[in-house]
Amino acid sequence: MDRWLLITSTLFAAIGAAWGMISVNRGRRSLWTIVWMLGVFVCQFAFLGLRGKQHGTCPLIGYGEILVFLSWALTLFYLLVGSTYRISLLGVFTAPAVAVFQCIALLPGMLDEVPKKIENGNFWHEIHSSTSVLAYGALALSAVAGVMFLVLDRQLKEQHLKSGLFLNLPPIRTLLVSLERLQRVGGGLLTLGIIAGFLMPRADHRVLAHLLAALAVWSGYVLLTIIKLTRGLTGRRQALAVVILFILSLGVFAFV
Amino acid sequence: MQLLCLGLNHRTAPVEVRERFAVGTSKLGDAAIEITTMEGICESVVISTCNRTEYYLVAQGDSDAFGLLEAHLAHKTSHADSATPHFYRKERNEAARHLCRVVSGLDSMMLGETEIFGQVKQAYQSALGAGATSGTLNRLFQRAFGVGKKVRTETRIQEGSTSVGNVAVDLAEKIFGHLKDSEVMILGAGEMCRITAQSLVSRGARSIFVSNRSFERAEKLAADMGGSAVRFDEWQSVLERVDIVISSTGSPHALVHREDVEKARRARKYRPLFFIDIAVPRDIDPAVGEIEEVYLYDIDTLEQLADEARVRRQKQIEECERIIDAELAKLNLPGT
């Protein structure tokens, strides 16, 4: 049952991505993207609810569940970003990322057929896992906004102004504002996650390595924020930094 | 009963003729009701914009409504005889079709422009308020407004900007979004600068700084635009705060160099900067465009974009005409 929910959610994301891209190619913005993304979110929520019930704890056991939780957080932030900031085409760029993450989660061996019951779950461990993955959702969306910025920046620089993509992308300044806000929300949640991580019991050296890797990612985002606030940063470098930091940050999960 | 249209526009009459027949917005209703007092004319709407004056009439079949109206205009303006060759006369379905084309922006100087829709609506409401319309013109104008909306939503007739000023504004909005938080500096005080800056101000640009070799001319343009004048040797310091620079001086060589912008980058905290160079020879060294956060557009690029939009709009005309014909066929209006 849970696997079918994930397949349905992935199909919704793939349809949303394809539908959105076809609309963009025709020079229009599809209002259906948000409907498909709502479908994605409901199915993800049901999947994680079922897995959580079977585990008896937060459903973040193994890479498959982490990827689904990350996709859920990404979708959640997309839907939460209010109408003012749910900038045009963000869904079209978010849907393919969700579809890819969930396709990987569906690969054989990524999800346990029968989720294990976890006895004696630790409060700080659950707080660490959930806030960290939520943080990654916000940071992933910030990276999506970064990619959108890089595409638009290139089109404006090279004066390629006729594509449907160009016509429908939100303005440069709006993208930069959204990118920064999501980065700050993600950074705040990551701070909570890391504090909770240091408060939870550490069974072996892998946990410490995982926390140190998370701390390195956090330091990267803090450094980026400080540079932006003090010295200033071109939009291109800021967007590139956010995208690279997010890709590097996924390395934290190697120590899970 | 027959539907008639008598009019002149920017294609048939020069401005010195058009201005003689222009009717003030507040007098459109009175002008329409005055026409209905003529023998054989039952309904009337008068449309008057800077590019056209048109009279839509419903007249009895055997009346010489065109002759009566032209005589009336000759009497009112004392110039109608010399203006007669500039008038076009359209009857029945041709008149209805013409109104739909006007409302859809197909007969406008700037193809596909939207302002005409509101102007015709205002003219119709003035006539309606004055009691100059009845069944036929009410049905015709309501349908024409429906057709105008359909043409705009179902075709790309209004897509893209067709003037250099509007292309520049569209690009500025693609970079900065709403222009209400954007500051603009103008280098030069010529007409092109004024037109482009006015387009930016009309879309909300906040502060305007004008710098020109002649400080007096800078002060005059600044006063006209509600901005501030800057001495020509001080424009570099203003570069630190503005978002958009429009340049059109008569300088024979580049005025803004890469070093000028490099110096201001740190103080600007590397915020995006949009340069619009509408001067020939160019005022802004192309090397400025290589700076990461700078978007530089010159007159050739802006004109090319405007031309492309015009061509795209031209290609839509056939589709617009098809919609108009289909909608008029459904109307089945008496007098057409």
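What counts and what doesn't
Sequence positions are assigned chain by chain, starting from 1 and proceeding in written order. Written order determines the labels here, with chains lettered from A and ligands numbered from 1. For a predicted model such as this one, the threshold for reporting local features is a pLDDT of at least 70, and the threshold for listing and counting side-chain atom pairs is 80 or more; totals across whole chains, interfaces and linings nevertheless cover every residue. Numbering of helices and strands runs from the N terminus; a helix is a DSSP stretch of H or I covering at least four residues, while a strand is a stretch of E covering at least two. Working definition of burial: number of other C-beta atoms within 10 Å of the residue's own, with buried at 20 or more, exposed at 12 or fewer, and partly exposed in between, all C-beta atoms being placed from the backbone. C-beta atoms are placed from the backbone for every residue, and two residues are taken to be in contact when these atoms lie within 7 Å. Residue ranges labeled as domains rest on an automatic or database domain assignment. Here, strands pair whenever DSSP counts at least two bridges between them. A fitted line through C-alpha atoms serves as each axis, taken over the contacting stretch for helices, and the angle formed by two N-to-C directions is quoted from 0 to 180°. Side-chain classes follow a simple rule in which Ala, Val, Leu, Ile, Met, Phe, Trp, Tyr, Cys and Pro form the nonpolar group, Asp, Glu, Lys and Arg form the charged group, and the remainder, Gly included, forms the polar group. In plain words, the nonpolar core is the set of buried Ala, Val, Leu, Ile, Met, Phe, Trp, Tyr and Cys residues that C-beta atoms within 7 Å link up.

So, on to the overall build of chain B. In terms of helices and strands, chain B carries 13 helices and ten strands. Taken along its principal axes, the extent of the C-alpha atoms in chain B is 80 × 40 × 30 Å. Here chain B holds 336 residues, and 44% of them are scored as buried. Looking at chain B alone, contacts between residues at least 24 apart form 71% of all its contacts between residues at least 6 apart.

Scanning chain A from N- to C-terminus turns up nine helices and zero strands. Order of helices (α) and strands (β) in chain A, N terminus to C terminus: α-α-α-α-α-α-α-α-α. Its C-alpha atoms give chain A principal-axis dimensions of about 60 × 45 × 30 Å. The proportion of buried residues among the 256 residues of chain A is 44%. The long-range share in chain A, meaning contacts at least 24 apart out of those at least 6 apart in sequence, stands at 82%.

Time to look at the domain arrangement of chain B. According to the domain assignment, chain B consists of domain 1 (2-154) and domain 2 (164-305). Taking only C-alpha atoms, the centre of domain 1 of chain B and the centre of domain 2 of chain B are 42 Å apart.

This part covers the pairing of strand S1 (residues 2-9) of chain B. Residues and elements named next belong to chain B. In terms of burial, S1 is a largely internal element, six of the eight residues being buried. Inspection of the sheet shows S1 paired to strand S3 (residues 52-59) by eight bridges, in the antiparallel sense. Bridge pairing in S3 places Leu6 opposite Tyr55. As defined by bridge partners, S1 adjoins strand S4 (residues 88-91) across four bridges and the pair is classed as antiparallel. Each bridged residue has a counterpart across the sheet, and for Leu4 the counterpart in S4 is Glu91.

Here we come to the sheet that holds strand S5 (residues 183-187) of chain B. Residues and elements named next belong to chain B. The parallel open sheet is built from six strands, whose spatial order is S7-S6-S5-S8-S9-S10. Lying at the two open borders of the sheet, with one neighbouring strand each, are strand S7 (228-231) and strand S10 (294-298). Averaged over all pairs of adjacent strands, the angle between strand axes in this sheet comes to 20 degrees, irrespective of strand direction. The pairing of S5 with strand S6 (residues 207-212) spans five bridges and is classified as parallel. Considered in S6, the bridge of Met185 is made with Phe209. Here helix H8 (residues 164-176) sits on the sheet and contacts strand S8 (244-247), strand S9 (273-277) and S10; the angle it forms with S9, its principal contact strand, is near 170 degrees.

Residues and elements named next belong to chain A. Secondary-structure assignment places Arg26 in the loop between helix H1 (2-25) and helix H2 (33-55). Overall, Arg26 belongs to the exposed group, with 10 C-beta atoms counted inside 10 Å. Each C-alpha atom, one on Arg26 and one on Ser163, is 8.9 Å from the other, the two residues being 137 residues apart in sequence.

Attention now goes to the interface of chain B and chain A. Of the residues lining the interface, 13 residues belong to chain B; the matching set on chain A comes to 13 residues. Secondary-structure elements contributing two or more residues to the side of chain B that touches chain A are H8 and helix H13 (299-331) of chain B. Here the element with the most residues in the side of chain B that touches chain A is H8 of chain B; it accounts for four residues. Its residues placed into classes, the side of chain B that touches chain A shows six nonpolar, two polar and five charged.

We now examine the domain arrangement of chain A. Residue and element names in this part refer to chain A. One can read the domain layout of chain A as domain 1 (1-113) and domain 2 (121-256). Here domain 1 and domain 2 have C-alpha centroids that lie 18 Å from each other. The partner domain 2 presents 27 residues to the 26 residues of domain 1 that form the contact. Ranked by the residues each element gives to the side of domain 1 that touches domain 2, the list is headed by helix H3 (residues 62-80), at nine residues. Each residue belonging to the side of domain 1 that touches domain 2 can be placed in one class, and the counts come to 18 nonpolar, six polar and two charged.

All names here are of chain B. Spatially, the four strands line up as an open sheet ordered S2-S3-S1-S4, and their pairing is antiparallel. A strand with exactly one partner marks an edge of an open sheet, and here the two such strands are strand S2 (41-48) and S4. The average undirected angle you get between the axes of adjacent strands in this sheet is 15 degrees. Relative to S2, helix H2 (residues 28-36) is tilted by about 150 degrees, and along the sheet it contacts S2 and S3.

Before going further, it helps to spend a moment on the environment of Glu91 of chain B. All names here are of chain B. Along the chain, the position of Glu91 falls in strand S4. Sequence-wise, Glu91 and Pro272 are 181 residues apart; in three dimensions their C-alpha atoms are separated by 56 Å. Discounting chain neighbours no more than four positions away, the residues touching Glu91 are Gln2 and Leu4.

Another aspect to go through is the nonpolar core. Counting residues in each nonpolar core, the largest one holds 122 residues, and the members touching the most others are Leu70 and Ala140 of chain A together with Ala172, Val184 and Val210 of chain B. Sorting elements by how many residues they give to this core places helix H5 (residues 123-157) of chain A first, with 15 residues. Those residues in contact with Val184 of chain B that sit more than four places away from it in its chain are Ala197, Leu200, Ala205, Ile208, Val242, Ile244 and Ile246 of chain B. Core analysis: the second largest hydrophobic core is formed by 50 residues, Val46, Leu69, Val147 and Val151 of chain B among them.

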